[in-house]
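# Coordinate analysis (summary)
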2 protein chains.
Amino acid sequence: MAITVVGSVAYDSIETPAGRRERCLGGAATYFSLAASFFTDVRVIAVVGEDFGPEQEAVFAARKIDTRGIERAAGKSFFWEGSYLENLNEAQTRNTELNVFASFEPKIPGAYRDSEFLFLANIDPVLQRRVRDAMPGVKLVAGDTMNYWIKDHRAALREVLLGLDVLLINDAEARMLAGNNNLVQAARAVRALGPRALVVKHGEYGATLFHESTPKGQAPEVFRAPALPLEQVIDPTGAGDSFAGGFFGYLASQSELTPAAWRRAMFYGSVMGSFACERFGTERLEQLSRPEIDARFHVFRELTHLD
Amino acid sequence: MAITVVGSVAYDSIETPAGRRERCLGGAATYFSLAASFFTDVRVIAVVGEDFGPEQEAVFAARKIDTRGIERAAGKSFFWEGSYLENLNEAQTRNTELNVFASFEPKIPGAYRDSEFLFLANIDPVLQRRVRDAMPGVKLVAGDTMNYWIKDHRAALREVLLGLDVLLINDAEARMLAGNNNLVQAARAVRALGPRALVVKHGEYGATLFHESTPKGQAPEVFRAPALPLEQVIDPTGAGDSFAGGFFGYLASQSELTPAAWRRAMFYGSVMGSFACERFGTERLEQLSRPEIDARFHVFRELTHLD
């Protein structure tokens, strides 16, 4: 089943202990859609500037991602500059230029309307809600957010949470949103705000799925997927969005959302996150193949299973 | 097979968000031996003062732990006071009184000499090495250490590492010992110092076993055990030592150290660490039963396994 994703398509300048890249293709919707495209059809809603050219377009086309919802606006694309020199687990933002994103008004192409899965990547919750409301027929809605929206745009964010089935955030965001440092208690508080499932990402330690007790055919109550211990992290940019793409893309590829499907989705999320870190920007995701993905899935099983 | 453990038996005063306890029974050798006693025979080498009475002795006796190697010396027992008010993942030490521990000279009872497993809990590496050298016939030696010894007693510590099969330390200690922030590279560097297996404990995120590629019958290369997401952490004191006790106790109970046995040992370590956090001090370990342990082992399997 097809996924529609709304979020940023951007240029990133990135510095890590492994080196530096100027203005490589980035943005949450980019990483998400590349990762999800290995599992299902993906359709993107975003805005880019006049600096978005055939070379960037080709990255999406090579993965057969539908870009009819990527609007071209006058001006420059969203730009982010960050450094991981001090801490590979957390970017230090050096510069953010919203550019065409400042006046982004998501427009949903008619051809996207039969999407059964919707992913609201990390953008202004007012825009997330607008897209959510415009697609009432979707089967499953997942979303992401960040500390900025949790802290200063809580009312708008709470409206979004009411319309989410799955929220994917990191430890610090979960604790901030709940106002509770205990992860189990925080997860319960966050789920009380709307999403019946919560995925908390722990960076290099993996991720945990929290889900309420439900009848057969639903997700397990708690499930933990590891991250792959990597010999070298070249660039962690987009790892969380790639996790979301693997996770949600796999769910969308399943005819039934059984507990086993949710568990495997967590593993595929970790798999895609691990690949994203292996090269700068989207380089690794662009070159990936499904057999490589499934081989790594097997590595994750070996890493965690007793027999 | 029996385990001999050398380390501290102490009194702890502990403050956590859940409350405060004065002078409860503590010490690395105490937690380790209680946890390991559910799997195999345990023999303790330590020193206590005149304040160590029948009530404390009874805690060991109830678990059939051999205390003939616990020397009674004139003076007071080792005392530690710490707080977890700011961070449940890391104690802030308020006070340490070495007392009788300052002049500890480990003496190994003749009845301990046929122990096939030896655990060197976190004490002065000079003492760890002395005990190691005095028991050349042991089959498997594991040990722990801490930042203080890594930073200021590195030469003595390196002597100990040469005699270890398994080292159990936390993330920060592994990175400090290796001088490398990448966990995979740090693990390789630490194993090059002696121990063929390294267990890195990640606190609330679990633990990772690193082991060199070995023929069949040895441990897997990398294996990650989760920690249990706990609704309430009452007191994390001793969780790492309890992990070590469950891990090493389980290994000692096995007739053959197959890869599957090493994997299960990691799970039993996490199981015992999770119990230790549920009450103050050793309270939970004292009241535990083997069926409860195996039930939680099953919970850990559910938490991590795809099917």
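Definitions and limits used
- Residues numbered from 1 in each chain as written.
- Chains lettered and ligands numbered in written order.
- Predicted model: local features only at pLDDT ≥ 70, side-chain atom pairs only at ≥ 80, totals over all residues.
- Heavy atoms only, no water.
- Helix = DSSP H or I, 4+ residues; strand = E, 2+ residues; numbered from the N terminus.
- Rg over C-alpha atoms; globule rule 2.2 N^0.38 Å.
- Contact = heavy atoms within 4.5 Å.
- Areas by Shrake-Rupley, 256 points an atom, 1.4 Å probe, with all protein chains shown as cover.
- Lys, Arg positive; Asp, Glu negative; His and termini not counted.
- Charge placed at Lys NZ, Arg CZ, Asp CG, Glu CD.
- Pairing = 2+ DSSP bridges.
- Axes fitted to C-alpha atoms, helices over the stretch in contact; angles between N-to-C directions.
- Least-squares fit on C-alpha atoms with pLDDT ≥ 70 in both.
- Left-handed = near helix turned anticlockwise from the far one by under 90°.
- Phe/Tyr/Trp six-rings, centres within 6.5 Å; stacked < 30°, edge-to-face > 60°.
- Buried < 20%, exposed > 50% of the residue type's maximum accessible area, 1.4 Å probe, protein only.
- Lys NZ or Arg CZ within 6 Å of the ring centre and 35° of its normal.
- Buried area = accessible area lost by both parts, 1.4 Å probe.
- Salt bridge = Lys/Arg side-chain N within 4 Å of Asp/Glu carboxyl O.
- Polar contact = N/O pair within 3.5 Å; in protein donor to acceptor, adjacent residues only side chain to side chain.
- Nonpolar A, V, L, I, M, F, W, Y, C, P; charged D, E, K, R; others polar.
- Right-handed = clockwise from strand over helix to strand, strands pointing away.
- pLDDT = per-residue confidence, 0-100.
- Arc of directions from axis to C-beta.

## Regarding the overall build of chain A
For chain A, the helix and strand inventory stands at 11 helices and 13 strands. The C-alpha radius of gyration computed for chain A amounts to 18 Å, which stays within 12% of the reference 19 Å derived for 307 residues, consistent with globular compactness. For chain A, the spread of C-alpha atoms along the principal axes amounts to about 50 × 45 × 35 Å. Taking the intrachain contacts of chain A between residues at least 6 apart in sequence as the baseline, contacts between residues at least 24 apart amount to 63%. Summed over its atoms, the accessible surface of chain A is roughly 11,800 Å², and 49% of this surface lies on carbon and sulfur atoms. Computing the positive centroid from 33 side-chain charges and the negative centroid from 39, chain A places the two 5 Å apart.

## Topic: the sheet that holds strand β4 (residues 42-48) of chain A
Residue and element names in this part refer to chain A. In space, the 9 strands of this open sheet follow the order β5-β4-β1-β8-β9-β10-β11-β12-β13, with mixed pairing throughout. The open sheet has two edge strands with one neighbour each: β5 (66-72) and β13 (222-225). Taken pair by pair, the neighbouring strands of this sheet meet at an average axis angle of 15°, ignoring direction. Seen against the sheet, helix α3 (residues 125-134) touches β1 (3-6), β8 (117-120) and β9 (140-144) and runs at an angle of roughly 170° to β8.

## Topic: the relation of the copies chain B and chain A
Under the fitted operation, chain B is carried onto chain A by 0.0 Å of movement along the axis and a turn of 180°, and the coordinates agree to an RMSD of 0.0 Å. Taken together, the rotation and translation describe the operation of a two-fold axis. In this assembly the copies share their binding face: 100% of the residues contributing to the interface of chain B also contribute to that of chain A.

## Some points on the sheet that holds strand β6 (residues 78-83) of chain A
All names here are of chain A. The sheet built from 4 strands is open, its strands ordered β3-β2-β6-β7 with mixed pairing. Both outer strands of the open sheet, β3 (19-26) and β7 (92-97), are each paired with one neighbouring strand and no more. Each strand axis lies, on average, 15° off the axis of its neighbour in the sheet, ignoring direction. Against the sheet, helix α1 (residues 28-36) touches β2 (10-16) and β3, its axis set at about 80° to β3.

## What to know about the packing of helix α6 (residues 171-178) of chain B against helix α7 (residues 183-191) of chain B
All names here are of chain B. At their nearest, the axes of α6 and α7 sit 9 Å apart, and the two run at 65° to each other. Read as a crossing pair, α6 and α7 show a hand that is left-handed. Residues Asp171, Ala174, Arg175, Leu177 and Ala178 of α6 lie in contact with α7, whose contacting residues are Leu183, Ala186, Ala189 and Val190.

## Digging into the packing of aromatic side chains
All names here are of chain A. Applying the stated criterion across every chain yields a total of 34 aromatic pairs over all chains. Between phenylalanine 52 and phenylalanine 60 the ring centres are 6.3 Å apart and the planes differ by 50°, which places this aromatic pair in the tilted class. Phenylalanine 60 carries the same exposure label as phenylalanine 52, and that label is buried. The interplanar angle of 25° and the centroid separation of 4.4 Å between the aromatic rings of tyrosine 268 and phenylalanine 297 together place this pair among those described as stacked. Of the two residues, tyrosine 268 is situated in helix α9 (residues 259-276) and phenylalanine 297 in helix α11 (residues 290-304); the sequence distance between them amounts to 29 residues. Its relative accessible area of 6% is what places tyrosine 268 among the buried residues. A connected cluster of aromatic rings, assembled from ring pairs, spans Phe39, Phe223, Tyr250, Phe267, Tyr268, Phe297 and Phe300. Over the ring of tyrosine 11 we find arginine 23; its NZ or CZ atom is 4.4 Å from the centre of that ring.

## Description of the interface of chain B and chain A
In many analyses, interface size is given as the accessible surface area lost on bringing the parts together. If you look at the interface, chain B gives 32 residues, while chain A gives 32 residues. Across the interface of chain B and chain A, roughly 2,900 Å² is buried in total on both sides, 48% from carbon and sulfur atoms. Linking chain B with chain A are 8 salt bridges. Close ionic contact of aspartate 307 of chain B with arginine 301 of chain A constitutes a salt bridge, the shortest N to O distance being 3.7 Å. At the boundary of chain B and chain A, one finds 24 residue pairs in polar contact (both at pLDDT 80 or more). By residue number, the principal contributor to the side of chain B that touches chain A is helix α11 (residues 290-304) of chain B, which donates 5 residues. A per-class count over the side of chain B that touches chain A returns 15 nonpolar, 6 polar and 11 charged.

## Quick notes on the pairing of strand β9 (residues 140-144) of chain B
All names here are of chain B. Taking burial as the measure, the 5 residues of β9 include 5 buried ones, the bulk of the element. Both faces of β9 are covered, namely the face carrying Leu140, Ala142 and Asp144 and the face carrying Val141 and Gly143. Across 4 bridges, strand β8 (residues 117-120) lies against β9 in parallel orientation. If you follow leucine 118 over to β9, its bridge partner there is valine 141. Assessed by its sense of winding, the connection that carries the chain from β8 through helix α3 (residues 125-134) to β9 is right-handed.

## Thoughts on the confidence of the model for chain A
Of all residues in chain A, 97% have pLDDT values of 70 or greater, and the mean over the chain is 95. Listed scores for the predicted complex are pTM 0.95 and ipTM 0.92.

## Re α6 of chain B
All names here are of chain B. Asp171, Glu173, Ala174, Arg175 and Leu177 are the residues of α6 that are buried. Sitting at the amino-terminal end of α6 is asparagine 170, which places a side-chain oxygen 3.1 Å from the backbone nitrogen of alanine 172. Phi turns positive one or two residues past the end of α6, at glycine 179, with a value near 65°.

## Section: helix α2 (residues 54-62) of chain A
An α-helix turns once every 3.6 residues. As a result, residues three or four positions apart point the same way. Residues and elements named next belong to chain A. All buried positions along α2 are accounted for by Gln56, Val59 and Phe60. The buried residues of α2 occupy an angular sector of 90° when projected down its axis, which confines them to one face. Away from its buried face, by an angle of more than 90 degrees, α2 presents the exposed residues Pro54, Glu55 and Ala62. Elements that come into contact with the buried residues of α2 comprise β2, β3, α1, β4, β5 and α10 (283-287). Lysine 64 sits one or two residues past α2 and shows a positive phi near 55°.

## Considering the environment of phenylalanine 101 of chain B
Note that phenylalanine 101 of chain B resides in the loop between β7 (92-97) and β8. Sequence separation of phenylalanine 101 of chain B and phenylalanine 78 of chain B is 23 residues, and the distance between their C-alpha atoms is 5.9 Å.

## Considerations on the pattern of salt bridges
What the rule picks out here adds up to 47 salt bridges over all chains. One salt bridge in this structure joins arginine 21 of chain B and glutamate 283 of chain B, with 3.7 Å as the shortest N-O distance. A residue pair is termed long-range when its members are at least 10 positions apart, and arginine 21 of chain B in strand β3 (residues 19-26) and glutamate 283 of chain B in helix α10 (residues 283-287) qualify at 262 residues. Among the charged side chains, a salt-bridge network with shared partners connects Glu15, Arg20, Glu22, Glu81 and Arg94 of chain A.

## Considering unusual backbone geometry
Residue and element names in this part refer to chain A. The phi dihedral of lysine 64 falls on the positive side, at around 55°, and the residue is not glycine. Here lysine 64 is to be found in the loop between α2 and β5. Judged by its relative accessible area of 72%, lysine 64 falls in the exposed class. Backbone geometry at asparagine 99 places phi at a positive 50°, although glycine is not the residue there. On the basis of relative accessibility, which here comes to 29%, the residue asparagine 99 falls in the partly exposed class.

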